[in-house]
Every structure is written in C-alpha cells, then in structure tokens.
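Listed here are the chains, written in short residue letters.
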Amino acid sequence: MKHMKKVIAFLLVALLLLPGCVSQYANKVDKEPTPAPAQQTETKTETKAEEKPAAAAPTEAPAREKQTLQVWYAVSGTSGDKFVAMSKAFDEGNDLVDLELSYSGGSADTATKVSAALLTNTQPDVALMYAGPLYTGGRNDYTMGELVKRAEFDVDDIFPGMLDYCTYMGQGICAVPFGISTQVMYYNKTLLENAGVDMTNPPKTWQEFYTLCEDLLTKLGGEGKDFTAFDVSDAPWLFKSMLKQNGCEIVVQDENGKIKPVYNNEAALEVTDFWYSLVTSGIMAAGEHDNAENRFLSGNCAFIAATSNRISRWKGATEFELGAIEMPYFKEQSLALGGNVMVILTDDPQKVEAAWEYVSYLTTAENNAQFALATGYLPIRKSELTNPDIQKALSENALYSIAFKQLDYTFAYTHFEQMGTMDSLIRNMLNKLEKNRGTSQDLLDKAVKDLQSEIDEG
Amino acid sequence: MSKNPDIQPMRIRRKRLNGYQWYVFVMLTIGAVFMLFPFVWMILSAFKTKADVYAYPPRWIPSSWQWQNFTKVFEMIPFWRYYFNSIVTSVIETVLQIVISIFAAYSITKLRYPGKKLFLAFMRSSLFVPMVVTMIPMYLLVASLGWLDTYAGIIFPQVTTAFTTLLLMSYFDSIPKDLVDSAKLDGCGYFRVLTRVVVPNAKGAISTATLFSFLGNWKSYTWPLIVTTKTEYRTLPIGLKYLMQESSSEYQVMMAASLMAILPVLIIFIFCEKQLVRSITLTGMKS
C-alpha cells in the first residue's frame, strides 16, 4: 500500500510533465523570458495580422520623450487576442510609445483592481474595461471629452448611442467606445428546420415570437423532454431593452442632475407580465439564465438572446447551423448597449498625449472594423459600415448583418455609480418573478425603491 | 477452554457488521460514483474534440484522443510560469499558516495569560469579515510597502487565517492536560511541550489543516490578481480564468488545464491521506 501511493504520486507527476515535454512550446518557455498571456497570444495572432494587416500605425515622430504606457484590458479569448495584436501593431509602428499590456481579469475583477489602484496612484495609464466612465467622470476627469473634439478623431462619425454610453451622469464624454455589443436573438436553424418552422418571415414583435415559441413547444416539447423554446443569458440586459421598447425609461435625471429610477410604471408592468407569461407557458425556464448558453449549445433550447460577440465565439463551435433574427420588440425597436470602453487614467500630460495616440489608433474606422469582424463586437463608426471587409462579411454572414443592422436603434443611459446595483436588483426581481415569489407590481416597486435608497445613500 | 470475555462482543459486532455490509457497500458505491463523476467527466473531456464536448446526447468516450488540448494550454498561457508561481506561493503560505496556527492554537488551549478570551473572540469574529471588505485596505498597505508585483505581496497578506487556528484548537483541546503536565514535570519548557508532546499527538489534525490550507491557497484568485500585473508573479488561477473567459466554448482546453491544475492537490492529498483518515477515525472514537 505504501509503495502503491508512491507509484500513484509518481504517475501523477509524470502525467503533469508529459504534455509539457511533448510541447515544443514548453521548451521555449523554459529558455526565453516568460511572456504575458497577452504577449503569448501575440505570436499566434501576428500571423493573423499579417494575413489581414490593420491600418498602418502612426510612424511620424513628434519631438517628445518616449513614453511607456501601462495598459490593462478586461477581454480575453478571441477578443483579447485581437486587442493584443492591434496593440502590438501600434507598438511596433511607434518608436515613441511602448505598451506594457496586462490582462486584468473579468469586468468585476478589473473594477476592483482599478478602484484599488486609483487609491494608491498605481493605476494604469490606459484601461479597456466595463463602466469606464465611473473611473474618469466619477473623478471629475473629462480629459477624453476634450480629446475627442480634435478634428482628426471625427467624433461625429461615432454612433450617437455609443457616445451616450461614454458619459457620466449626463455631464459629458469621458471615455471612448471600444468592444461594444448588443444582444442578438440567435436560433438553432437545424432544429427549427427539422421541426418544419419557416423562418423566412421571422417574428417581429414579442407577441409574434411568443406564438412561434408556443408552436415550437407543441412540436418539440412535451412530457419528459428537457426542451425550452427561449432563454436569455443576461436577463437584466434584455429586460432594460424591453422596457425601452415599451416606452418606459429606465432612469431619469431630475433638475439637480440626480438619478431617479422609473421602471415601475404601467409600461414596465406590461413588460414584467409578459416576462412572467414566458415562464408560465413553459417557453422559458425559471431561473436558468446562468445555464442558458449551455442549454442552447447542447440543442435543448431553440432561441437565445445573447451578446453579439458570441458570433465569433460560437463560430464552428456548434454541431447545428446557427441563425439569428433581429430582436423582437413591443412598440418600437430599441436595444440597450453593453460592453467595454477605453479610458485614459493617467494625469501626466505627455502620457495623456501618447495614450490618446494609442486610443485614436484603435478606434480608426479601418482598425475598429477589423476588431468588429474578428470579435463580433459592433462597429463604433458609421463609416465602418462602408468598409469593404464589413460589406463582404455582411453579405456572407447573416449573423453579422443582424448584429450590425441593430445599430440603427441602440441606446445607452448615462453611467452612474449604482448601475451595477441596479442590474443586480433587476436580476433578483426577475428571479423572484419567475419563481412566483411576488406580484409584478410589488417586485417592480421594491426594485425601484431599493435602488433609490442606494442612490440616496450615495 | 476458558471463554475470553473480550472476544465474544467482538464476534457479535462482526456478525452485525456482516449483516449490514451490503447496504454499506451499495451506499458507498453510489456515493463514490457521485463523487467520482465530475473527475471522470473532466478527464474524458480533456481529451475530446470540440464537437464531442457539445454533442447531444452526450458522448462519454472521445471520438479521437486529442493530446493537443494539453499543448494548446501551453500555447494560450505561460502555464509553467503560472504553475511555478502557484507552487512557490502556495507552499510558503501553507507552511507559514500552519506554523502560525500551531503556535496560536497552542497558546490559546494550553497557556494562561491575560486577554486570552478577548483575543479568541477577536480571532473568531474575523471569520465573519468577508475578503472584499479588507481587500482595499490591504492593497493600500501592500502598495505602501512597495510589495505590488512581488511574491511577498501575494504571500504575507494571506498567511494569517483564523480557520486553521480554530481547527487545530479543537484538536489540541483534546490532548489531556495530564500529558502536558507530566512533560513539564520531566523538565520540558513551553516550546518543548509543543514540539515533543502536542505536535506529535496532533499529526492528523495538522495534516487536515495543511490540506485545507494548501487547497485554499492553491485556488486563490482575486488577491493575486489584484496585486500583480506582471506575468512573472501571476498564479495559475489567473491563467485558468483567462482561459475560461470568452473562450468558454473551448471546454476541452479548459478541462485539460484543470486536470493539470489539480494534480498537485491530489499529490498533497495522497501524502496527507493516512493522517487525515486517522484524524477522522480518532474524532469518531472520542465520542
């Protein structure tokens, strides 16, 4: 027995070492300085960059000192790879700016990291992160609002909804959109075709969508079958879009500029009742949103509302053919924007200039178009839609065409400190609603009241 | 032949056990299957193709064994570097935690000094403070010491923990006072009582505490992420998170990385198992 343990331990160690030994890469890592995840992926993405080079990086050398910029980024996977490749292209093409890239975790991790760093003045110079305006406008730093006015940036070319997404408390622009997304209604084309559902005229309104889902349930659901017609991975995000579609504002600002949540009126009640009907009819599972994407990918769910950047993630990952339709609506088409923004967090004027050069490079029409195509995030400039690569993608891939078409009716509300709390309260409210733990009106009132208390407490 | 009074009850007990054995075995087998299922699934998924992972109905056995899932992990993140950092930080943290906890538990259970109860209450109450509350003040402290992007910055804020101290205390309490007193009569000072009497009698508890401590340190994610920006100091959980985020469709790669990541924990468990089982057995016998 004693020897057996040693043998097992030895085998485990051997198993640990085996993949490393067979990997040429492991040898490389031992010999060379260890690169960051970002740098690591650069080798891989460089090839991609060679195949489809991004726009030339600025090469003119103005008379100023060389600057090293610390860049934190909260995207990984395909998006992270592409972001790093573009940053690397900028770095290589610019003798006066060096970039030190560091992956900063998910959106919540990055928020904690940036908050802590700001307190000790160890913040990065530039960050690609969610809710960036809270860390610039929230500190009364509107430097980026001035920088975007420069003629060469052409701020008018950026979709207005995306600029709204870069404001803090309605006081002005304090970030630049990059890696913005909306929700897209994906569907399992193979499943629907096999069920004989015709999608040549897809449902336009939520009521039409509801009828289609009921039909699907009759054909594919039933006793003992683990099938739902629809689900959504980020419920608060879709709920906010639905509110706006039904003519209900989410938050308003009073005459003193104070944020006031208003999503408990008659229009909001209609949306909430519709949401509940999706559960009671069996179209949507109650409280299963965290598992929605897995259910969809395994063929147990026909439709899913998920972020547009799944276009790149799910490409080739499903055994079925993937389709998409424009998001259904109530009274008018409307979709809430989400995703990341670029923020400059340094106070040093020379670094601000270097950082702006970098941000401007990433957000040129040509470069951003390449980023959008590689990741499924949305173009931020109107002129990107005329880009030949975008045009080609639109004609070849229906998913892109749906995601980009939705740009016409996106919206954003201003950033405020408690916006994360608001999402959390809406998530709890919907969870209780789906599990029948209160009436729609009571739950809405409580969500609004709790948020108002949070805002009042500051 | 004279009857041995000790043997008879033992026979009766064995007879009873035999009667119940199949129930026990069935229950243990069901329990074992439930416990092993995620591990087996993880091991098989680590060798699957992307299509196998998403196949419905699920495919248990990979259609072809994909060893390249493992090499892909090395291509996506600097796995060895993260591995090395995780081992360095986890081992040092565990050693320091256990040493500090042994001293703290010994002083609380076996020594008398003023303010002991207050200290104990203070230590217990620290269990109710979530890490997010202390994170920013701790970051300020670490930054002021110049420990950002250092091993010290990762290790030292995590070495004091009430949990292992309380765990050891509950065991040290059970060591008879007479044993300690007789050691003192033999001329042992406080330190020798600890090293010659208390620690040798608490190997099981120390093994358990070591296992828990190592496991906690091995999977620690948020703190190392907050205090490091350079790859040279980043740990394995950060690398795994990088793989998970946005590449979540690549389950087979994540499973390969996870499989490699749990191996040190399994190795530690193998070496602690004997003491761990012994400590559990002794705990049962005490009652």
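Residues numbered from 1 in each chain as written. Chains lettered and ligands numbered in written order. Predicted model: local features only at pLDDT ≥ 70, side-chain atom pairs only at ≥ 80, totals over all residues.

With respect to the sheet that holds strand β2 (residues 97-103) of chain A
Residue and element names in this part refer to chain A. Just so we agree on the cut-off: One bridge is not enough; two strands pair if DSSP finds at least two bridges between them. Helix and strand labels come from DSSP, where a helix needs a run of H or I of at least four residues and a strand needs a run of E of at least two; each type is numbered from the N terminus. Geometry is summarised by axes, namely lines fitted to C-alpha atoms with helices restricted to the contacting stretch, and by angles between N-to-C directions that run from 0 to 180 degrees. This entry defines residue contacts through backbone-placed C-beta atoms, with two residues in contact when those atoms are within 7 Å.
A sheet is described by the order of its strands in space; here five strands give the open sequence β2-β1-β3-β12-β4, paired in mixed fashion. Lying at the two open borders of the sheet, with one neighbouring strand each, are β2 and β4 (176-181). Neighbour to neighbour, the strand axes of the sheet diverge by 20 degrees on average, direction disregarded. As paired elements, strand β1 (residues 67-73) and strand β3 (residues 126-130) share three bridges and run parallel to each other. Note on β3: the bridge partner recorded for tyrosine 73 is leucine 128. Helix α15 (residues 349-362) contacts β1, β2, β3, β4 and β12 (338-344) of the sheet and is inclined by roughly 55 degrees relative to β1.

Some words on the environment of B:Tyr251
Residue and element names in this part refer to chain B. Rule in force here: Here the C-beta atoms are placed from the backbone, and a residue counts as buried if at least 20 other C-beta atoms lie within 10 Å of its own, exposed if 12 or fewer do, and partly exposed otherwise.
On the secondary structure map, tyrosine 251 appears in helix α14 (residues 251-286). On the neighbour-count criterion, tyrosine 251 (23 C-beta atoms within 10 Å) is buried. Along the sequence, tyrosine 251 and valine 199 sit 52 residues apart, while their C-alpha atoms lie 44 Å from each other. Once residues lying within four places of it in the same chain are set aside, the contact partners of tyrosine 251 are Ser45 and Val53.

Considering unusual backbone geometry
Positive phi outside glycine occurs at A:Asn436, with the angle close to 55 degrees. Residue position: A:Asn436 is located in the loop between α19 (419-434) and α20 (440-457). One non-glycine residue with positive phi stands out, namely B:Asp149, at about 60 degrees. Mapped onto the fold, B:Asp149 is located in the loop between α6 (131-144) and α7 (151-155). Given 16 C-beta atoms within 10 Å, B:Asp149 falls into the partly exposed group.

Brief notes about the domain arrangement of chain A
Note on interface size: it is often stated as the accessible area lost on association of the parts. Residues and elements named next belong to chain A. Note the threshold: The source of the domain bounds is an automatic or database domain assignment.
Assigned domains of chain A: these are domain 1 (65-182 + 338-411) and domain 2 (183-336 + 418-457). Contacts between domain 1 and domain 2 engage 24 residues on the former and 24 residues on the latter. Top contributing element to the side of domain 1 that touches domain 2 by residue count: helix α18 (residues 398-405), with six residues.

Brief notes about the pairing of strand β5 (residues 183-188) of chain A
Residues and elements named next belong to chain A. For β5, a buried count of six out of six residues is recorded, marking the element as mostly surrounded by other parts of the structure. Neither face of β5 is left uncovered, since the one carrying Gln183, Met185 and Tyr187 and the one carrying Val184, Tyr186 and Asn188 both have all their residues buried. Across five bridges, the pairing between β5 and strand β9 (residues 301-307) is antiparallel. Residue pairing across strands places glutamine 183 opposite threonine 307, the latter belonging to β9. Across four bridges, the pairing between β5 and strand β10 (residues 322-325) is antiparallel. When the bridges of β10 are listed, methionine 185 appears paired with isoleucine 325.

Some remarks on the pairing of β1(A)
In regular strands, side chains alternate between the two faces of the sheet. Residue and element names in this part refer to chain A. What counts here: Convention used here: a crossover is right-handed provided that the path from the first strand, over the helix, to the second strand proceeds clockwise when the strands point away from the viewer.
The element β1 is largely enclosed, with a buried count of six among its seven residues. Sheet analysis places β1 next to β2, joined by seven bridges and oriented parallel. Residue pairing for β2: valine 71 is matched across the bridge by leucine 101. Regarding topology, helix α4 (residues 77-93) serves as the crossover connection from β1 to the parallel β2, and that connection is right-handed.

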